[in-house]
Amino acid sequence: MSEQKIMSIVSIPLKTEIWQNDVIFKRFEMCRKIYNVMLGYELKQYKKMKNTKEYSDSLKTIYDIYKLPEKDKKIAKRSDEYKKATETQNQLMRDYGFSEFQFRAEAIKRASYFKENIPSVSASDSIGAT
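A. Seen up close, the nonpolar core. Met-30, Ile-34, Met-38, Ala-107, Ala-111 and Ile-118 form the largest nonpolar core, which has 6 residues in total. The dominant element in this core, judged by the number of residues it contributes, is helix α1 (residues 18-50), at 3 residues. Ile-62, Ile-65, Ala-76 and Tyr-82 belong to the second-largest nonpolar core, a separate cluster that totals 5 residues.

B. Seen up close, helix α4 (residues 80-95). The first and last C-alpha atoms of α4 sit 22 Å apart over 16 residues, in line with the 22 Å expected at 1.5 Å per residue. Of the surrounding secondary structure, the elements contacted by the buried residues of α4 are α1, α2 (53-66) and α3 (70-77). In the stretch just after α4, Gly-97 is the one whose phi turns positive, near 90°.

C. Structural detail: the pattern of salt bridges. In the structure shown here, the tally under the stated rule is 4 salt bridges. Note that Lys-53 and Asp-57 form a salt bridge whose closest N and O atoms lie 3.4 Å from each other. Of this pair, Lys-53 and Asp-57 both sit in helix α2, 4 residues apart, which is roughly one turn of the helix. On the basis of relative accessible area, Asp-57 is assigned to the partly exposed category, the value being 38%. A salt bridge links Glu-106 to Lys-109; the shortest N-O distance between them is 3.6 Å. One end of the pair is Glu-106 and the other is Lys-109, both in helix α5 (residues 100-111) and 3 residues apart, which spans about a single turn. For Glu-106, a relative accessible area of 8% gives the class buried.

Definitions and limits used
Residues numbered from 1 in each chain as written. Predicted model: local features only at pLDDT ≥ 70, side-chain atom pairs only at ≥ 80, totals over all residues. Heavy atoms only, no water. Core = buried A, V, L, I, M, F, W, Y, C linked by side-chain atoms within 4.5 Å. Buried < 20%, exposed > 50% of the residue type's maximum accessible area, 1.4 Å probe, protein only. Helix = DSSP H or I, 4+ residues; strand = E, 2+ residues; numbered from the N terminus. Expected span 1.5 Å × (residues − 1). Contact = heavy atoms within 4.5 Å. Salt bridge = Lys/Arg side-chain N within 4 Å of Asp/Glu carboxyl O.

Structure below.
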C-alpha cells in the first residue's frame, strides 16, 4: 500500500526595487535570446537530418511495422530489419546533436556571450534542459 503525499504551494509576491526589476528583466531577456538561437539551430539540424535518405528509410520501416496488426507487430519488432532501422535512427539523432547533454553543451556555448550576467550552470540546467 502506498502513501499519498500531500503537496502545497505558497505564492508570495516578490517585492523588488526598480533597479532589481531591471536586472531581472535583462537576464530573462538574455535567456530568451539564448533559447531562441538554440531553437533555430536545433530546427535547422532537424531539417538536415530529416532530409537524409537514411533517416527517411528507417522512419518508413518503423512506420510500416507500426501499421501491422498487434500480433504481427510484436513479431516484426524482433526482426533484424526493425532493430537496424531503430539503431540507424538513434545514431542519426546522436550525430545531429539530439541528446540532453548535447543540448546543454549548446546552451553553454550560446551563453558564453552573456557570461557576465548568466552563469554557464544556469544556462545548462535551465535553458539546455528545455
